[in-house]
Amino acid sequence: MLPATALALGLLAALLAWPVPAALSRARWPQRDPLAALVCWQAVGLAGGLSIIGALLTHGLAPWGHSLPEAWWHWVTHWSTGAPPEEPVRGDHWVAQTLAAVLALELLGVLALSLVRTARTRRRHRALLELVVEPAAAGEDTRLLDHPAPVAFCIPGARPLLVLSSGMVAELDGAQVDAVVAHERAHLTEHHHLLLLPFVAWRAALPVLPAADRAHDAVRDLVEMRADDVALGSLTGPDRRRTLAAAIVAVAAGAGGQLPDGALAVTGGAVAVRVRRLLAPAAPLPSGARWAALLSAVALLLVPTVLLVLPALV
Amino acid sequence: MNTLGELERSVLEHLWAVAGPVTATQLRDELADRGLALTTVHTVLTRLEQKGFVTHDETRPRQFRARGTREEHVADLMHEVLGQAGDRQAALARFVGSVGDDEVRMLRELLAGAGDDPAR
């Protein structure tokens, strides 16, 4: 039973390592429903890791039993009892076991490392801001930084901070500043940094995998679109979409010129996509399509899980 | 009410203002309106040192000075925020990332084009 499981998991891992992320990052529908797309990306990332590690593990443990729990128990106990495996163990079984362990440790290790590292950077930034800048009038968690470039950002965490530069307040009108603040607040209330974190980590862990890069960029852009959507919901005013789009363009123009020309395709990087979908919104995804996307995400997670435990049940 | 954060801020402001080495006793006397105990001043200075904003020399009594001006700290932070270092960028969510001049031009055209659209 285990060799078949290993093959099926390996096939799924191959799909999730290349064609599925490629298709999802090229698709147009995520722009219309960033939230559903974000759920799909989380499922792709999780199922990808689960299936590749599961495939290696089931192949490596195949000589020891007919299901994963049984084989695992056999493998663990044979070190103390000296009980021989049911079938001869070849070199490739050892290689697969080792690879599974290395990959699992690397993915989890890099995740923990980037968790610690970003937490440390955030703590440093927050300490600096709390010392250097007085709280702004807009609220206890808002800081106005004295700097000519129009910049806004938020530092997520248990005590989040929202930072605006004086250049931002000078160049944007009141409604536009409100739109910027609403956008940043959306990041904080929906904990977008947690959605992005695994992809930051896995891009660092798997630099050879183009899908890791692609997934990271897609998720990074989708959380921006999602924050735009949430911001629109909390804004009032005659033309909220245009106000937010104008704020984006003003900030991009004010801080612009840091990248060499042509660093991004002229047809538009992520900022242009945001502006376009604000100015000319596509119809929201029909609820049938949305449910199909969400159900595929659930299915994607269920398939490797079922493949791993099913041989133990039948 | 003197919260620790407020105390740290006023001690640091003071060190920035005098721009020279100061002992803890001098600091306490100069911040007399806050009614601080000497131990409190030391606690605040230790915290500021741990955060990297203050250094002391080895004279007796110790003299404390600010490490870097306010402007330098702000400039460092902005350098990180505006910089391209991906690992650092993960720590915060920026409203709009860095874009090139070409893209700025195109964004302006997009915005202008939508304004001229009679359907809107």
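Residues numbered from 1 in each chain as written. Chains lettered and ligands numbered in written order. Predicted model: local features only at pLDDT ≥ 70, side-chain atom pairs only at ≥ 80, totals over all residues.

Engineer: Help me understand the overall build of chain B in this model?
Structural biologist: Across its full length, chain B holds six helices and four strands. For chain B, long-range pairs separated by at least 24 residues make up 44% of all intrachain contacts whose partners lie at least 6 apart in sequence. (Helix = DSSP H or I, 4+ residues; strand = E, 2+ residues; numbered from the N terminus. Contact = placed C-beta atoms within 7 Å.)

Engineer: Please clarify how the interface of chain B and chain A should be interpreted in this entry.
Structural biologist: A common way to state how big an interface is: give the accessible area lost once the parts meet. Of the residues lining the interface, 36 residues belong to chain B; the matching set on chain A comes to 53 residues. When contributions to the side of chain B that touches chain A are tallied by element, the ones reaching two or more residues are α1 (4-18), α4 (70-82), α5 (86-89), β4 (93-94) and α6 (101-116) of chain B. In terms of residue class, the side of chain B that touches chain A is made up of 20 nonpolar, five polar and eleven charged. Pairing of strand β2 (residues 152-155) of chain A with β4(B), which is carried by two bridges, proceeds in the antiparallel orientation. Residue pairing across strands places Cys154(A) opposite Ala93(B), the latter belonging to β4(B). (Nonpolar A, V, L, I, M, F, W, Y, C, P; charged D, E, K, R; others polar. Pairing = 2+ DSSP bridges.)

Engineer: Can you help me understand the sheet that holds β2(A) in this one?
Structural biologist: Strand pairs in the sheet, formed through backbone hydrogen bonds, run parallel or antiparallel to each other. The strand order β1(A)-β3(A)-β2(A)-β4(B) describes an open sheet built from four strands, whose pairing is mixed. Across the chains shown, the open sheet's two edge strands, defined by having one partner strand only, are β1 (142-145) of chain A together with β4 of chain B. One ladder, built from four bridges, connects β1(A) with strand β3 (residues 161-165) of chain A; its direction is parallel. Paired with Thr142(A) across the two strands is Leu162(A), which belongs to β3(A). Here helix α8 (residues 174-189) of chain A sits on the sheet and contacts β2 and β3 of chain A together with β4 of chain B; the angle it forms with β2(A), its principal contact strand, is near 25°. (Axes fitted to C-alpha atoms, helices over the stretch in contact; angles between N-to-C directions.)

Engineer: Sorry if this is basic, but what is going on with the pairing of β2(A) here?
Structural biologist: Looking down a regular strand, the side chains alternate between one sheet face and the other. Residues and elements named next belong to chain A. Because side chains alternate across β2, one face comprises the buried residues Ala152 and Cys154, and the other comprises Phe153 and Ile155, equally buried. In this structure, β2 lies alongside β3, joined through four bridges in antiparallel fashion. Among the inter-strand pairings, Phe153 is bridged to a residue of β3, identified as Val163. (Buried ≥ 20, exposed ≤ 12 C-beta atoms within 10 Å, placed from the backbone.)

Engineer: Looking at this model, I keep getting lost on the nonpolar core. Mind explaining?
Structural biologist: If you look at soluble globular proteins, the nonpolar side chains tend to sit buried side by side. Counting 94 residues, the largest nonpolar core has Val219(A) and Ile248(A) as its most contacted members. In contact with Ile248(A), not counting residues within four places along its chain, are Val271(A), Arg274(A), Val275(A) and Val96(B). In this structure, Val11(B), Ala24(B), Val41(B) and Phe53(B) belong to the second largest nonpolar core, which totals 15 residues. (Core = buried A, V, L, I, M, F, W, Y, C linked by C-beta atoms within 7 Å.)

Engineer: Just to check I follow, could you spell out the sheet that holds strand β2 (residues 54-56) of chain B for this structure?
Structural biologist: Residues and elements named next belong to chain B. Read across the open sheet, the three strands follow the order β1-β3-β2; overall the sheet is antiparallel. The open sheet has two edge strands with one neighbour each: β1 (22-23) and β2. Where β1 lies against strand β3 (residues 63-66), two bridges are found, and the strand directions are antiparallel. Counterpart to Val22 in the pairing with β3 is Phe64. Packed onto the sheet, α1 meets β1, β2 and β3 and runs at close to 90° relative to β3. Packed onto the sheet, helix α3 (residues 38-50) meets β2 and β3 and runs at close to 110° relative to β2.

Engineer: In this structure, what is going on with the domain arrangement of chain A? I would like to understand it.
Structural biologist: Residues and elements named next belong to chain A. You can read the domains of chain A as domain 1 (1-89 + 287-314) and domain 2 (136-282). Put simply, the middle of domain 1 and the middle of domain 2, counted by C-alpha atoms, are 34 Å apart. Taken together, the contact pairs 17 residues of domain 1 with 18 residues of domain 2. At the level of elements, α2 (19-26), α3 (29-32) and α4 (34-61) are the ones that each hand at least two residues to the side of domain 1 that touches domain 2. A total of eight residues in the side of domain 1 that touches domain 2 trace back to one element, the largest contributor, which is α4. Split into classes, the residues belonging to the side of domain 1 that touches domain 2 amount to twelve nonpolar, four polar and one charged. (Domains from an automatic or database assignment.)

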